Amino acid sequence: MVGEETCVPSQGVGGNGIASEFGDLTGMTRQEIDDFLRGLGAEIRTTRDGYVEYKFFDKSTVMIRPNGEVIRTPAPKYGSDGKNLNKGLRLDKDGKLLRTRDEFGNLLLGTHNTGEKLNE
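Reading guide: rules and limits
Residues numbered from 1 in each chain as written. Predicted model: local features only at pLDDT ≥ 70, side-chain atom pairs only at ≥ 80, totals over all residues. Heavy atoms only, no water. Helix = DSSP H or I, 4+ residues; strand = E, 2+ residues; numbered from the N terminus. Rg over C-alpha atoms; globule rule 2.2 N^0.38 Å. Buried < 20%, exposed > 50% of the residue type's maximum accessible area, 1.4 Å probe, protein only. Contact = heavy atoms within 4.5 Å. Areas by Shrake-Rupley, 256 points an atom, 1.4 Å probe, with all protein chains shown as cover. Lys, Arg positive; Asp, Glu negative; His and termini not counted. Charge placed at Lys NZ, Arg CZ, Asp CG, Glu CD. Polar contact = N/O pair within 3.5 Å; in protein donor to acceptor, adjacent residues only side chain to side chain. Phe/Tyr/Trp six-rings, centres within 6.5 Å; stacked < 30°, edge-to-face > 60°.

Trainee: Explain the overall build of the protein chain here, please?
Mentor: For the protein chain, the helix and strand inventory stands at 1 helix and 6 strands. Here the C-alpha atoms of the protein chain give a radius of gyration of 14 Å, agreeing with the 14 Å that 2.2 N^0.38 yields for 120 residues. Viewed in the frame of its principal axes, the protein chain has a C-alpha envelope of about 45 × 30 × 30 Å. Looking at the protein chain as a whole, 40% of its 120 residues qualify as buried. A separation threshold of at least 6 residues defines the contact pool for the protein chain, and within that pool the share at least 24 residues apart is 39%. Carbon and sulfur atoms make up 51% of the accessible area of the protein chain, which amounts to about 7,100 Å² in all. The distance from the centre of the 17 positive side-chain charges to the centre of the 19 negative ones in the protein chain is 8 Å.

Shown next, in the form of C-alpha cells:
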C-alpha cells in the first residue's frame with residue numbers, strides 16, 4: 001500500500017478493466033476497501049454465502065470472501081466470433097491476468113488463491 005494514512009493501494013498494471021487498475025489490497029480494512037471501490041464507481045451486492053461483490057461498469061469485479069480473501073476477475077474480452085477470450089481467468093494482486101486453467105480446462109494448482117487478503 002502507498003501511504004498508510006491514505007489507505008489507497010498502489011497502481012496496478014491495468015489493461016483488464018478497472019479491477020486491474022489498482023494494486024494489492026492486502027492490509028486494508030473492509031471499510032477502507034468499500035470506500036475505495038465505491039469511489040471507483042463499483043456497484044455492490046452481497047451474496048447469500050456472505051461474499052461482497054463489487055462490479056464495475058466494464059464488468060470487471062472484486063469479490064471479498066467472508067474470510068477476507070480477495071478475488072478479482074477481468075473485464076470480459078471477446079473474439080471476432082463473439083467467444084469470451086478470458087472467461088474463468090482471474091487477476092493477481094497487482095492486476096495482472098492469472099492463468100487458472102490449462103489448455104484442456106483443468107485447474108492449475110496454486111492459482112485459485114492469490115494471497116490478497118483484507119485486514120480483519
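Trainee: Could you clarify how one ought to interpret the side chain of Asp-92 in this entry?
Mentor: Looking at the element boundaries, Asp-92 is found in the loop between strand E5 (90-91) and strand E6 (97-98). For Asp-92, a relative accessible area of 16% translates into the label buried. Polar side-chain contacts of Asp-92 include one of 2.8 Å to the backbone nitrogen of Asp-94. Among residues more than four places away in sequence, those in contact with Asp-92 are Arg-72, Leu-98, Thr-114 and Glu-116.

Trainee: Can you help me understand the packing of aromatic side chains in this one?
Mentor: Within a pair of aromatic rings, the relevant descriptors are the distance that separates the centres and the angle that separates the planes. The tally for this structure, following the rule as stated, stands at 1 aromatic pair. Ring centres 5.2 Å apart and planes at 85° place the aromatic pair Phe-22 and Phe-36 in the edge-to-face group. Of this pair, Phe-22 sits in the segment before helix H1 (30-39) while Phe-36 sits in helix H1, and the two are 14 residues apart along the sequence. No difference in accessibility class separates Phe-22 from Phe-36, as the two residues are buried.

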